[in-house]
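Chains, contacts and geometry: an overview
These are the residues of each chain, in order.
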Amino acid sequence: VQLQASGGGLVQPGGSLRLSCAASGFPFSRYAMGWYRQAPGKQRELVAAITSGGSTNYADSVKGRFTISRDNAKNTVYLQMNSLKPEDTAVYYCRGWYHIGYDYWGQGTQVTVSS
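Residues numbered from 1 in each chain as written. Predicted model: local features only at pLDDT ≥ 70, side-chain atom pairs only at ≥ 80, totals over all residues. Heavy atoms only, no water.

A few words now on the packing of aromatic side chains. Aromatic rings in a pair are described by how distant their centres are and how their planes are angled relative to each other. Under the criterion given, the structure shown has 7 aromatic pairs. Through successive ring pairs, a cluster of aromatic residues spans Phe26, Phe28, Tyr31, Tyr98, Tyr102 and Tyr104. Seen from the ring of Tyr93, Arg44 lies directly overhead, with NZ or CZ sitting 3.8 Å from the centre. Note that Arg70 overlies the ring of Phe28, its terminal NZ or CZ placed 4.6 Å from the centroid. (Phe/Tyr/Trp six-rings, centres within 6.5 Å; stacked < 30°, edge-to-face > 60°. Lys NZ or Arg CZ within 6 Å of the ring centre and 35° of its normal.)

The following block contains the structure:
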């Protein structure tokens, strides 16, 4: 099982980034997928999630700015991040889950929002 996150980087406030997470080794289309983030000194938090059926939910802090999507043909989940703020700075992780015992995490990708 592998979840490979990419797309992080340094961006100015107000800018945009798109994160990608390529999955392999499990039946991607059956799994809910999510993006989490962890800032220094803070707990990891859910940013956005998408079910196998395409329903989405977002943290209040990113609603209207971030969009999660998935492409089951490419086994990839995306996070489009617009209007980025310095408080969005964190390591972003992708996660796939199905039932207890079927819960996978990828390595993080750093997002830094700074002028």
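This is not the end of the story, as more comes after the structure.
Mapped onto the elements of the fold, Arg37 is located in strand E4 (residues 32-38). Take Arg37: its relative accessible area is 6%, and that puts it in the buried class. Here Tyr92 takes part through its side chain, which lies 2.9 Å from a polar atom of the side chain of Arg37. (Helix = DSSP H or I, 4+ residues; strand = E, 2+ residues; numbered from the N terminus. Buried < 20%, exposed > 50% of the residue type's maximum accessible area, 1.4 Å probe, protein only. Polar contact = N/O pair within 3.5 Å; in protein donor to acceptor, adjacent residues only side chain to side chain.)

It is worth spelling out the state of the cysteines at this point. Working definition: the covalent bond between the sulfur atoms of two cysteines is a disulfide. A complete count under the given rule lists 1 disulfide for this structure. A sulfur-sulfur distance of 2.0 Å marks the disulfide that ties Cys21 to Cys94. With the S-S dihedral at roughly 45°, the linkage between Cys21 and Cys94 falls on the right-handed side. With Cys21 in strand E3 (residues 17-24) and Cys94 in strand E9 (residues 90-97), this residue pair connects regions lying 73 residues apart in the sequence. Accessibility classification places Cys21 together with Cys94 in one group, the buried group. (Disulfide = S-S within 2.5 Å.)

Core analysis: the largest hydrophobic core is formed by 29 residues, its most contacted members being Trp35, Val47, Phe66, Val77, Leu79, Met81 and Tyr92. It is E3 that contributes the most residues to this core, 4 residues altogether. Here Val77 is in contact with Leu19, Ser20, Cys21, Phe28, Met33, Trp35, Ile50, Ile68, Ser69 and Arg70, once residues within four sequence places are set aside. (Core = buried A, V, L, I, M, F, W, Y, C linked by side-chain atoms within 4.5 Å. Contact = heavy atoms within 4.5 Å.)

Below, the discussion takes up the pairing of strand E11 (residues 109-113). Side-chain alternation along E11 places Thr109, Val111 and Val113 on a buried face and Gln110 and Thr112 on a face that remains uncovered. Pairing analysis gives 3 bridges linking strand E2 (residues 9-11) to E11, with the strands arranged parallel. When the sheet's bridge partners are listed, Val11 is paired in E11 with Val113. Note: E9 against E11, 3 bridges, orientation antiparallel. Bridged to Tyr92 within E11 is Thr109. (Pairing = 2+ DSSP bridges.)

In the case of a regular strand, side chains alternate between the two sheet surfaces. Here strand E8 (residues 76-81) lies mainly inside the structure; 5 of its 6 residues are buried. The pairing of E3 with E8 spans 6 bridges and is classified as antiparallel. The residue bridging Ala22 from the neighbouring strand is Thr76, located in E8. Pairing between strand E7 (residues 66-71) and E8: 6 bridges, direction antiparallel. In the sheet register, Phe66 faces E8, and the bridge partner there is Met81. Where E7 hands over to E8, the hairpin turn is made up of 4 residues, of which Asn75 adopts a positive phi near 50°.

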